[in-house]
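Structural overview for review
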Amino acid sequence: MADALRLADPAVEARLARLDEVLAGLESAPGPALEAVSLLTEVYGEALGRVLDHADAPLRARLAEDELVGHLLVLHAIHPEPPERRAARAVERLRPAVRERGGDLQWAGLDGSVARVRLDTGGGCGAGCGGGADDALAAVRAAVLAAAPELTAVSLVPEAAGRRTAPAFVPLATVTHRAVRPQEAR
């Protein structure tokens, strides 16, 4: 496709926002237009699925990682990665921004259809204090559910009491040498 016909990301975002507005209007007045959009979406989904069928593994991975294409794959329920992997990747993408603000963010897995994350906003107050934590959690929820809309929610996994404590010291001798029992010493 010629570069002149391609849309820059801001133009894509503007069109998606306008599409949301138009579709909202169509939903309130169902009829042939809404049916046409539905049929067109099904046909495009089938076409996209066929593209994936013909793609080798590296191309499938690149397509899945592209933000716009990835969202289309999710929309048509043909994304090649499981929701857990997509959600974990969304968390990892946000992690540098949280760390930049003195906190940390970690993927903690799934509990059924609920994504679980550890969010430490820094400053010793944890995820429950101030608007910053609420904003961070809202951003995490939005990113995770956009990447994996099959999931129903995002929940926080609390930090352990006393915050990250160092592991207990175990002397090396106890690991490398077995204890000699009194009856063996004779």
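Provided above is the structure to which this section pertains.
Because the structure is a prediction, the values reported are computed rather than measured.

**Description of the overall build of the protein chain**
Within the protein chain one finds eight helices and three strands. When the helices and strands of the protein chain are placed in sequence order, the string is α-α-α-α-α-β-β-α-β-α-α. Within the span of the protein chain, comprising 186 residues, buried residues form 23% of the whole. For the protein chain, the share of sequence-separated contacts (at least 6 apart) that also reach a separation of at least 24 residues comes to 46%. Of the roughly 13000 Å² of accessible surface on the protein chain, a fraction of 58% belongs to carbon and sulfur atoms.

**Points about a nonpolar patch on the surface**
On the surface, a nonpolar cluster with roughly 430 Å² of combined accessible area is contributed by Leu16, Leu19, Leu68, Leu72 and Leu75. Listing elements by their share of the nonpolar patch, those giving two or more residues are helix H1 (9-28) and helix H4 (67-75). Position of Leu72 relative to the elements: it lies in helix H4.

**Thoughts on the side chain of Asp104**
Relative to the helices and strands, Asp104 resides in strand S1 (residues 104-111). Side-chain polar atoms of Asp104 contact the side chain of Arg95, separated by 2.9 Å.

**Concerning unusual backbone geometry**
The backbone of Ala77 sits at a positive phi, close to 60°, despite the residue not being glycine. Mapped onto the elements of the fold, Ala77 is located in the loop between H4 and helix H5 (83-100). For Ala77, a relative accessible area of 70% translates into the label exposed.

**Considering helix H2 (residues 32-54)**
For H2, which comprises 23 residues, the first-to-last C-alpha distance of 33 Å matches the rise-based estimate of 33 Å (1.5 Å per residue) to within 8%. All of the buried residues along H2 are Gly45, Leu48, Gly49 and Leu52. In the core, the buried residues of H2 are packed alongside helix H3 (57-65) and H4.

**Some thoughts on a negative patch on the surface**
Negative charge collects at one region of the surface, where Asp9, Glu13, Asp66 and Glu67 lie side by side. Inspection of the secondary structure assignment puts Asp66 in the loop between H3 and H4.

**Examining the packing of H3 against H4**
Where H3 meets H4, the closest approach of the two axes is 5 Å, and the angle between their N-to-C directions is 95°. With respect to their mutual orientation, H3 and H4 come out roughly perpendicular. When H3 is examined against H4, the residues Leu63, Ala64 and Glu65 are found in contact with a partner set consisting of Glu67, Val69, Gly70 and Leu73. Here the contact of H3 with H4 is composed, by residue class, of four nonpolar, one polar and two charged.

**Digging into the packing of H1 against H2**
Where H1 meets H2, the axes come as close as 8 Å, and the angle between the chain directions of the two elements is 125°. Of the possible angle classes, the one that applies to H1 and H2 is oblique. In this structure, H1 meets H2 at a crossing whose hand is left-handed. Of the residues in H2, those in contact with Leu23, Leu26 and Glu27 of H1 are Ala33, Leu34 and Val37. Residue composition of the contact of H1 with H2, by class: five nonpolar, no polar and one charged.

**A closer look at H5**
Compared with the 26 Å implied by 1.5 Å per residue over 18 residues, the 27 Å span of H5 between its first and last C-alpha is a close match. Of the residues making up H5, those classed as buried are Arg86, Ala87, Ala88, Ala90, Val91, Arg95 and Val98. Directly after H5, the chain includes Gly102, whose backbone phi takes a positive value near 90°.

**Describing the side chain of Arg95**
Of note, Arg95 is situated in helix H5. Classification of Arg95 as buried rests on a relative accessible area of 16%. Polar side-chain contacts of Arg95 include one of 2.8 Å to the backbone oxygen of Leu105. Residues within four places of Arg95 in sequence aside, it is in contact with Asp104, Leu105 and Gln106.

Rules of the game
- Residues numbered from 1 in each chain as written.
- Predicted model: local features only at pLDDT ≥ 70, side-chain atom pairs only at ≥ 80, totals over all residues.
- Heavy atoms only, no water.
- Helix = DSSP H or I, 4+ residues; strand = E, 2+ residues; numbered from the N terminus.
- Buried < 20%, exposed > 50% of the residue type's maximum accessible area, 1.4 Å probe, protein only.
- Contact = heavy atoms within 4.5 Å.
- Areas by Shrake-Rupley, 256 points an atom, 1.4 Å probe, with all protein chains shown as cover.
- Patch = residues over 30% accessible without salt bridge, like charges linked within 9 Å, V, L, I, M, F, W, Y side chains within 5 Å.
- Salt bridge = Lys/Arg side-chain N within 4 Å of Asp/Glu carboxyl O.
- Polar contact = N/O pair within 3.5 Å; in protein donor to acceptor, adjacent residues only side chain to side chain.
- Expected span 1.5 Å × (residues − 1).
- Lys, Arg positive; Asp, Glu negative; His and termini not counted.
- Charge placed at Lys NZ, Arg CZ, Asp CG, Glu CD.
- Axes fitted to C-alpha atoms, helices over the stretch in contact; angles between N-to-C directions.
- Parallel < 35°, antiparallel > 145°, perpendicular 65-115°, else oblique.
- Nonpolar A, V, L, I, M, F, W, Y, C, P; charged D, E, K, R; others polar.
- Left-handed = near helix turned anticlockwise from the far one by under 90°.

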